[in-house]
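# Structural description and commentary
What follows is the residue order along each chain.
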Amino acid sequence: MILLTVRDLGHRLVRFVVVVVLAAVVFALLFVMTGLVEQFNREPYDTTAAIGGSAWVLAEGVTGPFTASSSLPSRAIDALDAEVKAPVVAARSSLGHDGSNEEIVVIGHLPDTLGQPPISDGRAVTGPGEIALDSSLGIDVGEQVLVAGAPFDVVGLSDDTTILAGILLAFMSLDDAQRLVFRSPDVVSGFLVEGAVGDLPDGTELIRADDVAADTLKPLDGAISSIELVRALLWIVAGIIVGSVVYLSALERQRDFAVLKAVGVSNRTLLASVALQAVLIAALAVTIAAVVQMFVTPVFPLRVRVPDRAFWQLPLLAVIMALLAALAGMRRVVRSDPALAFAAGA
């Protein structure tokens, strides 16, 4: 069976190579789409974890700090009963650097408390005029940026601190954030808390960090659904590519199948040969795609985070898809009449 399959593929080598390359392109796109969905789903949870706190205390009626505006008096923290609590400012703003402008979310926090992210390069913000940015922006420690027109020195870089498909978070001192956003030291967006929480200030509600992350995902529902639709279409395209070449091969091998049946080869063996051909095409294509995506994902406009599970799920699904796509070709094998061998010989 294996020798029969290898001989047939060798006889149609050019077609085999073309089909594998085409399928590999489709599977590479599937890797990228899978990585995009993974990034969209993990992004808000990574970001809320980096900010810290098990929950946010926000103005009543606000669903989350990144999808709505919240403002509370700073003194309301005195009425908040929590093991660990810290005021925080969270608001949209703009960041200018080298003539370009980026939309960002400003996070104002006190030093060495909730709201301060882990720093991968440089140091955390400790005073006015300092800022820590997400490393994906490509700005180095020591450079200067403008936030809402005000100059800030970049003192540190953080990782995995973006929301809404790549909007960066910029961390600064609470005083600076209050001055930029509220023009007053008496107003904050809310409070971050950790541990047991008792009484809340009037007009506020407690929102768990996971609920904040889930709320941040809602504006991306349409984008994620669109990507999922594209993924489904790509699987259909891959199935058509593999299925068509296997079906054409089965048509061209009708006489071979008839001869083999005439000499006693079972349908099961012939079907296994056709199935093996489809699996080899899919397996080789998805292996090439796994290598290709390593060069595509770093240059993709959005961050692509291909999960480890994709490297066994995609090959497994590719094999299943190949077997399903080969069904039409297998039906041709079953219908092959051994009498055709004698008719062709005559």
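One structure accompanies this document, and this report is about it. Quick caveat: nothing in here was measured; it's all calculated off a predicted structure.

### Some words on the packing of helix α2 (residues 13–51) against helix α4 (residues 209–217)
Taken N-terminus to C-terminus, the directions of α2 and α4 make an angle of 140 degrees; their axes are 9 Å apart at the nearest point. When the axes of α2 and α4 are compared, the pair comes out oblique. Seen from above, α2 lies across α4 with right-handed handedness. Residues F40, N41, P44, Y45 and T48 of α2 pack against A209, D210, V212, A213, A214, T216 and L217 of α4. A breakdown of the residues in the contact of α2 with α4 according to their chemical character gives 8 nonpolar, 3 polar and 1 charged.

### Points about the pairing of strand β3 (residues 82–97)
Pairing analysis gives 6 bridges linking β3 to strand β12 (residues 190–197), with the strands arranged antiparallel. The residue bridging V88 from the neighbouring strand is G190, located in β12. Relative to strand β4 (residues 100–109), β3 runs antiparallel, the two sharing 9 bridges. Bridge assignment links A90 to a residue of β4, and that residue is I107. As paired strands, β3 and strand β7 (residues 144–147) are joined by 2 bridges and run antiparallel to one another. Bridged to G96 within β7 is L146.

### Some details on the pairing of strand β8 (residues 150–158)
Within β8, 7 of the 9 residues are buried, leaving the element largely enclosed by the surrounding structure. Here strand β5 (residues 121–122) pairs with β8 via 2 bridges, running antiparallel. Counted as the bridge partner of G122 is G156 from β8. Pairing geometry for strand β6 (residues 130–134) and β8, over 5 bridges, is parallel. When the sheet's bridge partners are listed, E130 is paired in β8 with D153. Alignment of β7 against β8, held across 4 bridges, turns out to be antiparallel. Within β8, the position partnered with V145 by the bridge is F152.

Cut-off values and rules
- Residues numbered from 1 in each chain as written.
- Predicted model: local features only at pLDDT ≥ 70, side-chain atom pairs only at ≥ 80, totals over all residues.
- Heavy atoms only, no water.
- Axes fitted to C-alpha atoms, helices over the stretch in contact; angles between N-to-C directions.
- Helix = DSSP H or I, 4+ residues; strand = E, 2+ residues; numbered from the N terminus.
- Parallel < 35°, antiparallel > 145°, perpendicular 65-115°, else oblique.
- Left-handed = near helix turned anticlockwise from the far one by under 90°.
- Contact = heavy atoms within 4.5 Å.
- Nonpolar A, V, L, I, M, F, W, Y, C, P; charged D, E, K, R; others polar.
- Pairing = 2+ DSSP bridges.
- Buried < 20%, exposed > 50% of the residue type's maximum accessible area, 1.4 Å probe, protein only.

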